[in-house]
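What follows is each chain in one-letter form.
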Amino acid sequence: MKSSQVILIAIGIVVLAAVGYMFTAAESPEAYLEKIEKERERQFKYIRYNVESPLTEEQKRNFKTLDFYEIDPAYRVKARLVPIENKTIREVPLTDGSVQRYIEHSYAEFELGGKTNKLLLLQSKEETDMRNFFLAFADETSARETYGGGRYINVRQDGKNSITIDFNLAYNPYCAYNPDFACPIPPKENLLDIPILAGEKNYSK
């Protein structure tokens, strides 16, 4: 057998192995549902039992569950990262009238609700991992089925020019549970004119 044939066969084996790995490593629908359910359970336990929970001790005694939309993979979207060339500091107002300073990093563009949407990704000045971003948004469910002050998602860049936004992981800010907490208000760029029927619903006392 010629050496060139050996090389081609070896390349073929590597390609087949890579493709096989891609399919076996891909997350199944069942695994995805389990992952979201585990995160929701972790969130409930934190709110219910953690000493840093926003709930008062009286609230904790009566706290039974968090309210979520049904898990819907359609609300896990792959977004295009559009960098902001001249990054500036954004003073994001908090619910108590103070401000928090974030870096305006980039925009995430994605298709959802039959249209192209764009959200501003902010980065904490103290963030050490440059792939992590803070996303605060409001949508057509805000002040109806979900908290009027918007919801948050912690997102992480997973491609050179892309990022996955999973609205099933959207959670309420602390001030949704206790008005004594100060929470960042979503920037005007992140007021979506479509309903996001995913993630955490409003907290009922």
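Residues numbered from 1 in each chain as written. Predicted model: local features only at pLDDT ≥ 70, side-chain atom pairs only at ≥ 80, totals over all residues. Heavy atoms only, no water.

**Re the overall build of the chain**
Broken down by element type, the chain carries three helices and seven strands. Along the chain, from the amino end to the carboxyl end, the secondary structure elements read α-α-α-β-β-β-β-β-β-β. With 205 residues in all, the chain has 39% of them scored as buried. For the chain, the share of sequence-separated contacts (at least 6 apart) that also reach a separation of at least 24 residues comes to 62%. Counting every atom, the chain has about 12,300 Å² of accessible surface; 55% of that belongs to carbon and sulfur. (Helix = DSSP H or I, 4+ residues; strand = E, 2+ residues; numbered from the N terminus. Buried < 20%, exposed > 50% of the residue type's maximum accessible area, 1.4 Å probe, protein only. Contact = heavy atoms within 4.5 Å. Areas by Shrake-Rupley, 256 points an atom, 1.4 Å probe, with all protein chains shown as cover.)

**Concerning the packing of aromatic side chains**
Counted according to the given criterion, the structure contains nine aromatic pairs. Between F44 and F63, the aromatic rings sit 5.3 Å apart at their centres with planes inclined by 20 degrees, giving stacked as the arrangement. Taken together, the residues span a long stretch of sequence, with F44 in helix α2 (residues 29-49) and F63 in the loop between α3 (57-62) and β1 (76-83) at a distance of 19 residues. Summarising the burial analysis for this pair, F44 and F63 share the class buried. Centre to centre, the rings of Y174 and F181 are 5.2 Å apart; their planes meet at 85 degrees, and the pair counts as edge-to-face. A relative accessible area of 28% places Y174 in the partly exposed class. An aromatic cluster is built from F44, F63, Y177 and Y203, whose rings are joined through pairwise contacts. Over the aromatic face of Y32 sits the side chain of R76, whose NZ or CZ is 4.0 Å from the ring centroid. Directly above the aromatic system of Y107 lies the positively charged group of K118, at a separation of 4.7 Å from the ring centroid. (Phe/Tyr/Trp six-rings, centres within 6.5 Å; stacked < 30°, edge-to-face > 60°. Lys NZ or Arg CZ within 6 Å of the ring centre and 35° of its normal.)

**Focus: the state of the cysteines**
Going through the model one piece at a time under the given rule, you end up with one disulfide. For C175, the disulfide goes to C183, at an S-S distance of 2.5 Å. (Disulfide = S-S within 2.5 Å.)

**Quick look at the confidence of the model for the chain**
With 87% of its residues at a pLDDT of 70 or more, the chain has an overall mean of 88. Note on residues 1-25: pLDDT under 50 across the span, and three contacts to partners over four residues away in sequence or across chains. (pLDDT = per-residue confidence, 0-100.)

**Structural notes on unusual backbone geometry**
Despite not being glycine, A143 shows a phi value in the positive range, around 70 degrees. If you trace the backbone, A143 turns up in the loop between β5 (132-137) and β6 (151-156). Residue A143 is classed as exposed on the basis of its relative accessible area of 60%.

**Overview of the pattern of salt bridges**
If the charged atoms of two oppositely charged side chains come close together, the side chains can form a pair. Enumeration according to the criterion identifies 16 salt bridges in this entry. Salt-bridge contacts for R76 lead to E27; the nearest nitrogen and oxygen are separated by 3.1 Å. Of this pair, R76 sits in strand β1 while E27 sits in the loop between α1 (3-25) and α2, and the two are 49 residues apart along the sequence. Here the salt bridges share partners, and the residues they tie into one network are E27, K35 and R76. (Salt bridge = Lys/Arg side-chain N within 4 Å of Asp/Glu carboxyl O.)

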